[in-house]
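Here's the letter readout for the chains.
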Amino acid sequence: MAGFRRGGAVAALRRIASRAPSPSVREVHAVQGVSFVAHRGEAIGLIGSNGSGKSTLLQAVAGLLPADRGRVFTRGQPSLLGVNAALLNDLTGERNVVLGALAMGMTRHEVRRRYDSIIDFSGINEKGDFASLPLRTYSSGMAARLKFAIASARPHEVLLIDEALSTGDARFQRRSRQRMAELRAAAGTVFLVSHHHRTITDTCDRALWLESGTLRMDGPAAEVVAAYEESTAGKGR
Ligand SMILES: Nc1ncnc2c1ncn2[C@@H]1O[C@H](COP(=O)(O)OP(=O)(O)OP(=O)(O)O)[C@@H](O)[C@H]1O
């Protein structure tokens, strides 16, 4: 590492690139042998207990966690909208909207045209002018709403949503469902990870149930949720 500043980006990159298997590193197979085909216009829910591999699967589909084995084929660039999606805490809501929309490939003209509708959809200004305040002054639900408003402002070929909807209040969840329906109508495919089964059955027509990183069931959302609930009933008491 001589010549590179300790903790610097280049040093970190070299460390990752030269990482060799080490006896002190334990391998985790978070998702194994999961195979499915998703079609345009589908909204697919991902359910399963904590640690069953839902977020990992979304990250693999988004290309953020390359698969050790197997392949992910997608049309277009999937967009992952996670609870930790990159909004910047020290920037105002307004700046986050502009940067987020530009990062999604909108032109400056499109951003200007869509700005008011993104803010309106997020509802962050319903209790005062929050758009001009830094993100760190927002509640977690408000930040999640803003993220969803930005990410869903343009059609996506594949939109991956990790629990983002569940943090919004009931009114926002209704609005999000409507927006998801619009995204699906625009021929996108939507994946939604949620522990709120009602959200899955209300929003998705199909669900995948993951357990210990494997695909336990794939079918109509209501049937998969019912089977999952039956299997967990009585457990954990
Ligand atoms: N960076 C990591 N390093 C080590 N293990 C990890 C890492 N990320 C995830 N795992 C492990 O992989 C497994 C699947 O995690 P994942 O976050 O995909 O589960 P999940 O179904 O999304 O869980 P939850 O419902 O709690 O959000 C878990 O056992 C977790 O501990």
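Here, the structure is the one placed above.
Treat the numbers as computed from the prediction; the structure is a model and nothing was measured.

*Asks:* Mind showing me how you'd approach the site of the ligand here?
*Replies:* In the region of the ligand, the neighbouring residues are Val28, Ala30, Ser49, Asn50, Gly51, Ser52, Gly53, Lys54, Ser55, Thr56 and His195. The separation between an oxygen atom of the ligand and a polar main-chain atom of Gly51 is 2.8 Å. In the model, an oxygen atom of the ligand is placed 3.1 Å from a nitrogen or oxygen of the Ser52 main chain. When the ligand sits alone it has 630 Å² of accessible area, and the protein chains cover 49% of it. Class assignment for the residues of the shell around the ligand results in two nonpolar, eight polar and one charged.

*Asks:* Help me understand the packing of helix H4 (residues 108-122) against helix H6 (residues 170-185), please; the structure alone is not making it clear to me.
*Replies:* When two helices pack together, you describe them by how their axes are tilted relative to each other and by the distance separating the axes. For the pair H4 and H6, interaxial distance at closest approach is 10 Å and the crossing angle is 135°. The orientation of H4 with respect to H6, classified from their angle, is oblique. Where H4 abuts H6, its residues Asp120, Phe121 and Ser122 lie against Phe172, Arg175, Ser176 and Arg179.

*Asks:* Explain the pairing of strand E4 (residues 189-193) to me, please; I cannot follow it from the model alone.
*Replies:* Residues in a regular strand project their side chains so that they alternate between the two faces of the sheet. Within E4, five of the five residues are buried, which leaves it mostly tucked inside the rest of the structure. Here E4 shows a buried face lined by Thr189, Phe191 and Val193 and a second buried face lined by Val190 and Leu192. Across five bridges, strand E3 (residues 158-162) lies against E4 in parallel orientation. Counted as the bridge partner of Val158 is Thr189 from E4.

*Asks:* Would you mind showing me how to read the packing of aromatic side chains here?
*Replies:* The relative placement of two aromatic rings is captured by the distance of their centres and the angle of their planes. Scanning the model with the defined rule gives six aromatic pairs in all. A network of ring pairs unites the aromatic residues Phe121, Phe148 and Phe172 as a single cluster. The ring of Phe121 has Arg175 lying over it, and the distance from NZ or CZ to the ring centre is 5.7 Å. The residue whose ring lies beneath Arg179 is Phe121, and the NZ or CZ to ring-centre distance is 3.9 Å.

Scoring rules and cut-offs
Residues numbered from 1 in each chain as written. Predicted model: local features only at pLDDT ≥ 70, side-chain atom pairs only at ≥ 80, totals over all residues. Heavy atoms only, no water. Near = heavy atom within 4 Å. Polar contact = N/O pair within 3.5 Å; in protein donor to acceptor, adjacent residues only side chain to side chain. Areas by Shrake-Rupley, 256 points an atom, 1.4 Å probe, with all protein chains shown as cover. Nonpolar A, V, L, I, M, F, W, Y, C, P; charged D, E, K, R; others polar. Axes fitted to C-alpha atoms, helices over the stretch in contact; angles between N-to-C directions. Helix = DSSP H or I, 4+ residues; strand = E, 2+ residues; numbered from the N terminus. Parallel < 35°, antiparallel > 145°, perpendicular 65-115°, else oblique. Contact = heavy atoms within 4.5 Å. Buried < 20%, exposed > 50% of the residue type's maximum accessible area, 1.4 Å probe, protein only. Pairing = 2+ DSSP bridges. Phe/Tyr/Trp six-rings, centres within 6.5 Å; stacked < 30°, edge-to-face > 60°. Lys NZ or Arg CZ within 6 Å of the ring centre and 35° of its normal.

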